[in-house]
Amino acid sequence: MAELALHGVNLTGWLTLESWVTPELFAEAGALDEESLMMTVGERRYAEIVRNHRASFMTKDDFVRIAARGFNAVRLPVPWYVYGESGPEPGPYQGCIELVDTALEWAEEIGLKVVFALAMNLGGPSSGSGMAPDLADCHVPRERILDVVFALAKRYALRAGFFGIELADDVSPQVRRGLTLTDGVPAHRLRNYYREAYELVRSAAGDEPVVIMPDGGMPGGWGRFMAQRHYRNVWLDCHLDRPAARVDVSGPSGVRRLVASHERTLREARRSGMEVMVGKWSSSLPIADAQMTPEGRIALERVYTSEQIRTYEKCPAWFFNTWKTSGKLAGWDARVALATFERGMIV
């Protein structure tokens, strides 16, 4: 698997706006997400902001630099409203299917593989980031979302750069805690969505594209779900960019304990019987020590990064989050976080 492994970066904040990636787009309106931005500045101004941002934030030169840095793939969040007015849910959000076409053309020309990730949080709040209505229960909009999954798979089925599709960017499953259930998508609805989407991808694009499912922060909750002979090329995705583990990371030993918790997460996920990838990881340490010097933090983040690369080498794919931020966030912008790592460590 190592020879075929994808080592790439996310293209977060390009086709959908993210305030932590490009805060300047939200500052004037005082908004925190794409929906509130649109409501504050109005649909016309919002459309102008989105068009200008998409046209300039990511270019072919970025794809060239990604490949030159040693990466062989990108994970591209694609909004569920990608087809705009011609899509299953016309509305004020701006479609971008032509840019998806362009991104794939750039990738193929340069030799990068592309994993599409449907940019929505199943089970998350119904507001923010242009999410489909009622996604909190993943029932009413499921047919419309499935239409988009099928259309994307069919459109790119024969393209050399199309590696696979992730059925959501993130997932917030409903979890029982004592006698109560947390907010989120019920497990049976999420599983049904995954099965239906898998069948649609196969009917549209055959058996070759990989179908990827976010684990929703429950690496041990998938048993042998979709691991039987009937299913092919199905992966589980663990997001490890915002660790939940509380570990003292004021020194190298603490950083290694944190990475060891990531490794345990991956081992637990592999019990599902599926291949397990890391769809998001970063160099940012979760706890800031007031006594730590900037130089000390940089050194520890380098240890954190190198240990993660070593740990994830057994995965069929990993994607750093993200390639670019307008403020060059040290732990999140690959151009900064991985600048001192030799190309051979990434390949």
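Residues numbered from 1 in each chain as written. Predicted model: local features only at pLDDT ≥ 70, side-chain atom pairs only at ≥ 80, totals over all residues. Heavy atoms only, no water.

In the nomenclature of an unreviewed UniProt entry, the chain is known as Cellulase family glycosylhydrolase of Candidatus Olsenella pullistercoris.

A.B. asks: Can you walk me through the overall build of the chain in this structure?
C.D. replies: Across its full length, the chain carries eleven helices and twelve strands. Whereas a compact globule of 347 residues would reach a radius of gyration of roughly 20 Å, the chain reaches 19 Å, a difference of no more than 12%. For the chain, the C-alpha atoms occupy an extent of roughly 50 × 50 × 50 Å along the three principal directions. A buried classification covers 52% of the 347 residues belonging to the chain. The contacts in the chain between residues at least 6 apart in sequence include a share of 75% that link residues at least 24 apart. Within the structure as shown, the chain displays about 15,500 Å² of accessible surface, and the carbon and sulfur contribution to it stands at 50%. (Helix = DSSP H or I, 4+ residues; strand = E, 2+ residues; numbered from the N terminus. Rg over C-alpha atoms; globule rule 2.2 N^0.38 Å. Buried < 20%, exposed > 50% of the residue type's maximum accessible area, 1.4 Å probe, protein only. Contact = heavy atoms within 4.5 Å. Areas by Shrake-Rupley, 256 points an atom, 1.4 Å probe, with all protein chains shown as cover.)

A.B. asks: Hey, could you run me through the side chain of Glu307 in this one?
C.D. replies: Along the chain, Glu307 turns up in helix H9 (residues 294-312). Judged by its relative accessible area of 14%, Glu307 is buried. A polar atom in the side chain of Glu307 sits 2.9 Å from the side chain of Arg310. Among all residues touching Glu307, those that are not within four sequence positions of it are Arg256 and Val259. (Polar contact = N/O pair within 3.5 Å; in protein donor to acceptor, adjacent residues only side chain to side chain.)

A.B. asks: Any chance you could explain the confidence of the model for the chain here in plain terms?
C.D. replies: Low pLDDT marks regions whose predicted coordinates should not be analysed in detail. When pLDDT is averaged across the chain, the result is 88; 90% of the residues are at 70 or more. Counting interchain partners and residues more than four positions distant, the pLDDT-below-50 stretch residues 126-140 has 45 contacts. (pLDDT = per-residue confidence, 0-100.)

A.B. asks: I keep staring at the nonpolar core and nothing clicks. Help me out?
C.D. replies: Looking at soluble globular proteins, one finds that nonpolar side chains tend to be buried together. Of all hydrophobic cores here, the largest spans 89 residues; its most connected members are Leu11, Trp14, Phe63, Leu152, Tyr193 and Tyr194. Broken down by element, this core gets its largest block of residues, eight residues, from helix H7 (residues 187-205). If we ignore the near neighbours within four places in the chain, the residues touching Trp14 are His53, Arg54, Phe57, Met58, Phe63, Leu76, Leu99, Ala103 and Trp106. (Core = buried A, V, L, I, M, F, W, Y, C linked by side-chain atoms within 4.5 Å.)

A.B. asks: I'm lost on the pairing of strand S9 (residues 210-214) in this one. Help?
C.D. replies: S9 sits mainly inside the fold: five of its five residues count as buried. Residue alternation in S9 divides its side chains into two sets, Val210, Ile212 and Pro214 and Val211 and Met213, and both sets are buried. Here three bridges tie strand S5 (residues 162-166) to S9, and the two strands are oriented parallel to one another. Residue pairing across strands places Gly164 opposite Val210, the latter belonging to S9. (Pairing = 2+ DSSP bridges.)

A.B. asks: Looking at this structure, I do not really get the packing of aromatic side chains. What am I missing?
C.D. replies: Here the structure, examined in full by the defined rule, presents 18 aromatic pairs. Consider the rings of Phe163 and Trp235, whose centres lie 5.6 Å apart with planes at 55°: the pair is tilted. Separated by 72 residues along the polypeptide, Phe163 in strand S5 and Trp235 in strand S10 (residues 234-239) bring together distant segments of the chain. Members of the aromatic cluster, joined through ring pairs, are Phe71, Trp281, Tyr312, Trp318 and Phe320. In this structure, Arg191 is placed above the aromatic ring of Phe225, and the distance from its NZ or CZ to the ring centre is 4.9 Å. When the ring centre of Phe57 is taken as origin, the NZ or CZ atom of Lys324, which lies over that ring, is 5.2 Å away. (Phe/Tyr/Trp six-rings, centres within 6.5 Å; stacked < 30°, edge-to-face > 60°. Lys NZ or Arg CZ within 6 Å of the ring centre and 35° of its normal.)

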